[in-house]
Amino acid sequence: MNIAIVDDDVDFSSELQQYVIMFIERLYTRYEIDIINSDFFNNSLDKNYDIVFLDIDLKEINGINIGKKLLVSEANPIIIFVSSRGDLVFSSLSVRPFYFVRKAYLRQDLEEMFILLKTYLKETMQLFTFDFHGRKSNLFLKDIYFIESSGHDVTLYTKNGEYCYRSTMRNILDTLGTETIVQFQKSFSVNLDYIKEIEKNTIILKNNEEFNIGRKFKNNVIQKYKEHFLR
C-alpha cells in the first residue's frame, strides 16, 4: 500500500502521517507513506500511489489541478482532500475525491473518513483468483479496468495487461460479487472507478476509449455510477 501526503505545511504533514499510520497498520503489514512538501506536481505523479492525501491551497499550484491529473492516471489513486479552505469543497467535486477532510476538524473528519475507507478498501483490494494458462493468477479488483466476453472466453483488461481465459460474463460477475464492476453491454462490463465520464449513451474511460451503453443496461449503469460517485 503506497500512500502520499501532499501538503506545504511540514508540521501538519507529520501530524497527519501519525493518524494515517494508526489507521493503515490495522489493515496492512506492508505500507509506505511519502510526505511531499515541495515540487508537488512532479512528485505526486512520479509514483503509483494507492491513496493520496492532498491539500488544495498549495503555494506553487492549486491542488485541484494535481487531482485532475491523478484522476486520469493509470494509478487511479483514492484522492482525499485535506484543506483549511472549507469553501473549496464544491470546487473539489470535479476531481471526484473520496472525501474532503477539514483541517479545522481534522480528528473528527478523519474518524468518519476512515470508517468509509476501511469498507471501500476491503472491497476493492480483494483478490480475484482465476486460471490463466494452466496456473492460478491473482488480481486486485481495483486493477481490473473492464471485461469483455466472447463466446466461452472472457478477457480482463487490467493495470498489468490483458488476461483471456475460459469463462462467461455472468460467471465472472457472480464470482466477483461486487457492485463496483457493472455490465453495460451484453459482452462488456466496466469498473466504475475507471470511468472518466458518461455522456448520454456513451461511457468514456480514463484512457479516452468510448463505448455505447446498451439500452437494457442504461438505467442500472447510470444509477450505479451516481451512487458510486456520491458514496
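Look a little higher up for the structure.
Since we're looking at a predicted model, the values are computed, not measured. (Residues numbered from 1 in each chain as written. Predicted model: local features only at pLDDT ≥ 70, side-chain atom pairs only at ≥ 80, totals over all residues. Heavy atoms only, no water.)

Trainee: Quick question: what am I supposed to make of the overall build of the protein chain here?
Mentor: For the protein chain, the count of helices and strands is 7 helices and 15 strands. Its C-alpha atoms give the protein chain a radius of gyration of 19 Å, near enough to 17 Å, the size a compact globule of 231 residues would have. By the burial criterion, 50% of the 231 residues in the protein chain qualify as buried. Partitioning the intrachain contacts of the protein chain with sequence separation of at least 6 by distance along the chain shows that 51% fall at a separation of at least 24. Accessible area for the protein chain stands at about 12,400 Å²; split by element, carbon and sulfur atoms hold 46% of it. Between the centroid of the 29 positive side chains of the protein chain and the centroid of its 33 negative side chains there is a distance of 7 Å. (Helix = DSSP H or I, 4+ residues; strand = E, 2+ residues; numbered from the N terminus. Rg over C-alpha atoms; globule rule 2.2 N^0.38 Å. Buried < 20%, exposed > 50% of the residue type's maximum accessible area, 1.4 Å probe, protein only. Contact = heavy atoms within 4.5 Å. Areas by Shrake-Rupley, 256 points an atom, 1.4 Å probe, with all protein chains shown as cover. Lys, Arg positive; Asp, Glu negative; His and termini not counted. Charge placed at Lys NZ, Arg CZ, Asp CG, Glu CD.)

Trainee: Teacher, can you tell me more about the nonpolar core here?
Mentor: One recurring pattern in soluble globular proteins is that nonpolar side chains are buried together. In this structure, Leu16, Ile51, Phe53, Ile80, Met113 and Leu117 are the most contacted members of the largest nonpolar core, which totals 25 residues. If you list the elements that add at least two residues to this core, you get strand 1 (2-6), helix 1 (10-24), strand 3 (51-54), strand 4 (78-83), strand 5 (99-102) and helix 5 (106-124). Per-element tally for this core: the top contributor is helix 5, with 7 residues. Among residues more than four places away in sequence, those in contact with Met113 are Phe53, Ile80, Phe98 and Tyr99. In terms of nonpolar packing, the next biggest core, distinct from the first, is built from 18 residues, Val182, Phe188, Leu192 and Val221 among them. (Core = buried A, V, L, I, M, F, W, Y, C linked by side-chain atoms within 4.5 Å.)

Trainee: How should I be thinking about helix 6 (residues 169-176) in this particular structure?
Mentor: Note: α-helices contain 3.6 residues per turn, so residues at a spacing of three or four share the same orientation. For helix 6, the full list of buried residues reads Met169, Ile172, Leu173 and Leu176. Relative to the axis of helix 6, the buried residues are bounded by an arc of 100 degrees and lie together on one face. Along its buried surface, helix 6 packs onto strand 6 (127-132), strand 8 (144-150), strand 9 (153-158), strand 10 (161-166), strand 11 (181-185) and strand 12 (188-191). Gly177 sits one or two residues past helix 6 and shows a positive phi near 55 degrees. (Arc of directions from axis to C-beta.)

Trainee: Just to check I follow, could you spell out unusual backbone geometry for this structure?
Mentor: Trans peptide bonds make up most of the peptide bonds, and negative phi angles are found at most residues other than glycine. Although it is not a glycine, Asp39 adopts a positive phi angle of roughly 45 degrees. Position of Asp39 among the secondary structure elements: in the loop between strand 2 (32-36) and helix 2 (40-45). The phi angle at Arg96 is positive, at roughly 55 degrees, despite the residue not being glycine. Looking at where Arg96 falls in the secondary structure, it is placed in the loop between helix 4 (89-92) and strand 5.

Trainee: I'm lost on the packing of aromatic side chains in this one. Help?
Mentor: Both the distance between ring centres and the angle between the ring planes are used here to describe each pair of aromatic rings. Following the criterion strictly, the structure yields 14 aromatic pairs and no others. By way of ring pairs, the aromatic residues Phe128, Phe130, Phe132, Tyr163 and Tyr165 are connected into one cluster. Its guanidinium or amino end placed over the ring of Phe12, Lys103 lies 4.4 Å from that ring's centre, counting from NZ or CZ. (Phe/Tyr/Trp six-rings, centres within 6.5 Å; stacked < 30°, edge-to-face > 60°. Lys NZ or Arg CZ within 6 Å of the ring centre and 35° of its normal.)

Trainee: Explanation requested: helix 7 (residues 218-229) in the structure shown.
Mentor: Taking 1.5 Å of rise per residue, the 12 residues of helix 7 would be expected to cover 16 Å, and the 16 Å separating its terminal C-alpha atoms lies within 8% of that figure. Of the positions making up helix 7, those classed as buried are Val221, Lys224, Tyr225 and His228. Taken end-on, helix 7 shows its buried residues confined to a sector of 100 degrees, consistent with a single buried face. Those residues of helix 7 that are buried lie in contact with helix 5, strand 11, strand 13 (195-199) and strand 14 (202-205). (Expected span 1.5 Å × (residues − 1).)

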